[in-house]
Amino acid sequence: MTISTHIAGYGAYLPSKILTNRDLESIIDTSDAWIQSRTGIKQRHIAADTEATSDLATAAAHKALERAEWQPQDVDMIIVATTTPDYTFPATATRVQDKLKAGSAIAFDVQAVCAGFVHALAVCSSMMKDGMAEKALVIGAETFSRILDWSDRSTCVLFGDGAGALALQAKQNNPEGAGIIKTLLRAQGTDFRSLYVDGGASTNGKIGHLRMDGKDVFKKAVTRLADISQELLDQQGLDAQDIDWFIPHQANQRIVDALGRKLRIPAAKIATTIASHANTSAASIPLVIDSYGQQGHLKPGQLLLMQALGGGISWGACLVRY
Ligand code: COA
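Each value, and the rule that gives it
- Residues numbered from 1 in each chain as written.
- Predicted model: local features only at pLDDT ≥ 70, side-chain atom pairs only at ≥ 80, totals over all residues.
- Heavy atoms only, no water.
- Pairing = 2+ DSSP bridges.
- Helix = DSSP H or I, 4+ residues; strand = E, 2+ residues; numbered from the N terminus.
- Axes fitted to C-alpha atoms, helices over the stretch in contact; angles between N-to-C directions.
- Contact = heavy atoms within 4.5 Å.
- Near = heavy atom within 4 Å.
- Polar contact = N/O pair within 3.5 Å; in protein donor to acceptor, adjacent residues only side chain to side chain.
- Areas by Shrake-Rupley, 256 points an atom, 1.4 Å probe, with all protein chains shown as cover.
- Nonpolar A, V, L, I, M, F, W, Y, C, P; charged D, E, K, R; others polar.
- Parallel < 35°, antiparallel > 145°, perpendicular 65-115°, else oblique.
- Left-handed = near helix turned anticlockwise from the far one by under 90°.
- Salt bridge = Lys/Arg side-chain N within 4 Å of Asp/Glu carboxyl O.
- Buried < 20%, exposed > 50% of the residue type's maximum accessible area, 1.4 Å probe, protein only.
- Core = buried A, V, L, I, M, F, W, Y, C linked by side-chain atoms within 4.5 Å.
- Domains from an automatic or database assignment.
- Buried area = accessible area lost by both parts, 1.4 Å probe.

## Structural notes on the sheet that holds strand β8 (residues 179-187)
- One open sheet holds the four strands; their spatial order is β8-β13-β12-β11, and the pairing between them is mixed. If you trace the sheet from one side to the other, it starts and ends with β8 and β11 (245-248), each paired once. Strand-to-strand twist of the sheet, defined as the mean angle between neighbouring strand axes without regard to direction, takes the value 10 degrees.
- Here strand β12 (residues 303-310) runs beside strand β13 (residues 314-321); their pairing, made up of eight bridges, is antiparallel. The partner of Gln-307 across the bridge, within β13, is Ala-317.
- Where helix α7 (residues 214-235) meets the sheet, its contacts fall on β8, β12 and β13, and the angle it forms with β13 comes to roughly 40 degrees.
- Along the sheet, helix α10 (residues 284-294) makes contact with β11 and β12, crossing β11 at roughly 140 degrees.

## Concerning the site of the ligand
- Among the 22 residues in the neighbourhood of the ligand, the closest are listed as Thr-30, Arg-38, Arg-153, Lys-215 and Asn-252.
- Lys-215 places a polar side-chain atom, nitrogen or oxygen, 2.6 Å from an oxygen atom of the ligand.
- Asn-252 is positioned such that a nitrogen or oxygen atom in its side chain is 2.6 Å from an oxygen atom of the ligand.
- Here the ligand has 970 Å² of accessible area as a free molecule, and 74% of this is covered by the chains.
- Elements supplying a minimum of two residues to the shell around the ligand: α2 (32-39), α6 (153-156), α7 and α8 (253-263).
- In terms of residue count, the dominant contributor to the shell around the ligand is α7 (four residues).
- Classifying every residue of the shell around the ligand gives 10 nonpolar, seven polar and five charged.

## Focus on unusual backbone geometry
- Geometrically, the link from Phe-89 to Pro-90 is a cis peptide bond, its omega value of 5 degrees lying close to zero.
- By the secondary structure assignment, Pro-90 is in the loop between β4 (77-81) and α4 (92-100).
- Cis rather than trans, the peptide bond between Gly-312 and Ile-313 has omega equal to -5 degrees.
- Assignment of secondary structure puts Ile-313 in the loop between β12 and β13.

## Observations regarding the packing of helix α3 (residues 53-68) against α4
- Following both chains from N to C, one finds α3 and α4 inclined at 55 degrees, their axes separated by 9 Å at the closest point. In this view, α3 runs oblique relative to α4, as classed from their interaxial angle. Considering how the two elements wind past one another, α3 and α4 form a crossing that is right-handed. Here Thr-53, Ser-54, Asp-55, Ala-57, Thr-58, Ala-61, His-62 and Leu-65 of α3 come into contact with α4, specifically with Thr-92, Arg-95, Val-96, Lys-99 and Leu-100.

## Things to note about the pattern of salt bridges
- This structure, assessed with the given rule, holds 11 salt bridges.
- Linking Glu-25 and Arg-22 is a salt bridge whose minimum nitrogen-to-oxygen distance equals 3.2 Å. A residue pair is termed a helical-turn pair when its members lie 3 or 4 positions apart in one helix, as Glu-25 and Arg-22 do in helix α1 (residues 21-25) at three residues.
- On the basis of relative accessibility, which here comes to 32%, the residue Glu-25 falls in the partly exposed class.
- One salt bridge in this structure joins Asp-198 and Arg-211, with 2.9 Å as the shortest N-O distance. Within this pair, whereas Asp-198 is found in the loop between β9 (195-197) and β10 (210-212), its partner Arg-211 is found in strand β10, the two being separated by 13 residues in sequence.
- Assessed through its relative accessible area of 25%, Arg-211 is described here as partly exposed.
- Each of Asp-191, Asp-216, Lys-220 and Arg-224 takes part in one network of salt bridges that share partners.

## Here we look at the nonpolar core
- Judged by nonpolar contacts, the single largest core of 46 residues is most densely connected at Phe-246 and Leu-305.
- Of all the elements in the fold, those that place two or more residues in this core are α7, α8, β12 and β13.
- Taken together, domain 1 (3-172) and domain 2 (179-321) each give at least three residues to this core, which thus spans both.
- Sequence-distant contacts of Leu-305, defined by excluding residues within four places in its chain, comprise Ser-229, Leu-232, Ile-243, Trp-245, Phe-246, Ile-247, Ile-265, Ala-317, Cys-318 and Leu-319.
- Counting residues in each nonpolar core, the second largest holds 37 residues, with Tyr-10, Val-110, Ala-136 and Trp-245 among its members.

## Regarding the packing of α7 against α8
- Between α7 and α8, the shortest axis-to-axis distance is 10 Å and the interhelical angle comes to 35 degrees. Crossing of α7 against α8: the hand is right-handed. Judged by residue contacts, Phe-218, Ala-221, Val-222, Leu-225, Ala-226, Ser-229 and Gln-230 of α7 engage Arg-254, Ile-255, Ala-258, Leu-259, Lys-262 and Leu-263 from α8.
- For the contact of α7 with α8, a count of residues per class yields nine nonpolar, two polar and two charged.

## Describing the domain arrangement of the protein
- Entries for the protein in the domain assignment read domain 1 (3-172) and domain 2 (179-321).
- Just the C-alpha atoms count here: the centres of domain 1 and domain 2 sit 15 Å apart.
- At the junction of the two partners, domain 1 supplies 52 residues and domain 2 supplies 44 residues.
- For the pair domain 1 and domain 2, the summed buried surface comes to about 3600 Å²; carbon and sulfur atoms form 68% of the total.
- In this structure, Asp-149 engages Arg-211 in a salt bridge whose closest nitrogen and oxygen atoms are separated by 2.9 Å.
- At the junction of domain 1 with domain 2, the criterion picks out 15 residue pairs in polar contact (both at pLDDT 80 or more).
- For the side of domain 1 that touches domain 2, a count of residues per class yields 24 nonpolar, 20 polar and eight charged.

In structure tokens:
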């Protein structure tokens, strides 16, 4: 008996406050032209002071439940990929379980920064194969606005807040071959100064701010994500032409374009929301799935290639038959 993990629903939540590049011009020394030409970003959503990461995650989860036609109590596992948790502990996923009234579903967080969502998909798929859960919510949710140094123009213009959720169902002996096919994950801890937050409970006791060597991260993102994606395709005996939708982490349009060129994936098959969402870290991939799903672009049987890289440096790629 083989068990596979299927996408049964998707949902998203974006805070109502929109901060445009023009708005940023009045806060820091930047310009709409610079931000757009270097990153492709036009605007980002910012959580209200009263909104915590679990609120964003819960709102996205409700939408995914609705689309899957599940009740909260049907869910037996909630995984939240986040690096901006509500509290140092407990896991934000337990706050989501409580807010959803999802009984005593397994609930824990995965922390792999921008690569968190692909890590969470891998964990969910493995646990489903082990029979530990049948109906899960895997949520990417972030309030990065809270860890940005709003006086550092080289980082604060790049990120936004939001949440995306997938309802994932374990199916036995699935004849259509749909579901999560394979995930590859990597980390290189020696690179940690390239992208990190200068705070933490066991270092200086502060929440800290995001610090980044943008050029270094840019180069590493292009080479490592191209390599891991090619390795995944080769392992599965697939070619880039077999991919219906390339769903990269939404960090920078120039990174995405470079990856498309390296992997020989045409622009028409590359899903992007970076212009309107900016980089929402672990939330970016499920936000793209929600956006492209709602527009009717995602069809059963299509092959999706997701990939992401972030602080750690951690990265990964995941192949899914929709
Ligand atoms: N507005 C205007 N000018 C800015 C600016 C901003 N928001 N941010 C930086 N600059 C300036 C710099 O100060 C520098 O000025 P100088 O030449 O006078 O010193 C100039 O623009 C060029 O800076 P540089 O860092 O060389 O730009 P870049 O082309 O590398 O682009 C990033 C910077 C951050 C956009 C780019 O490196 C990047 O996107 N890296 C990847 C980051 C990322 O995606 N991280 C998350 C991964 S999960």
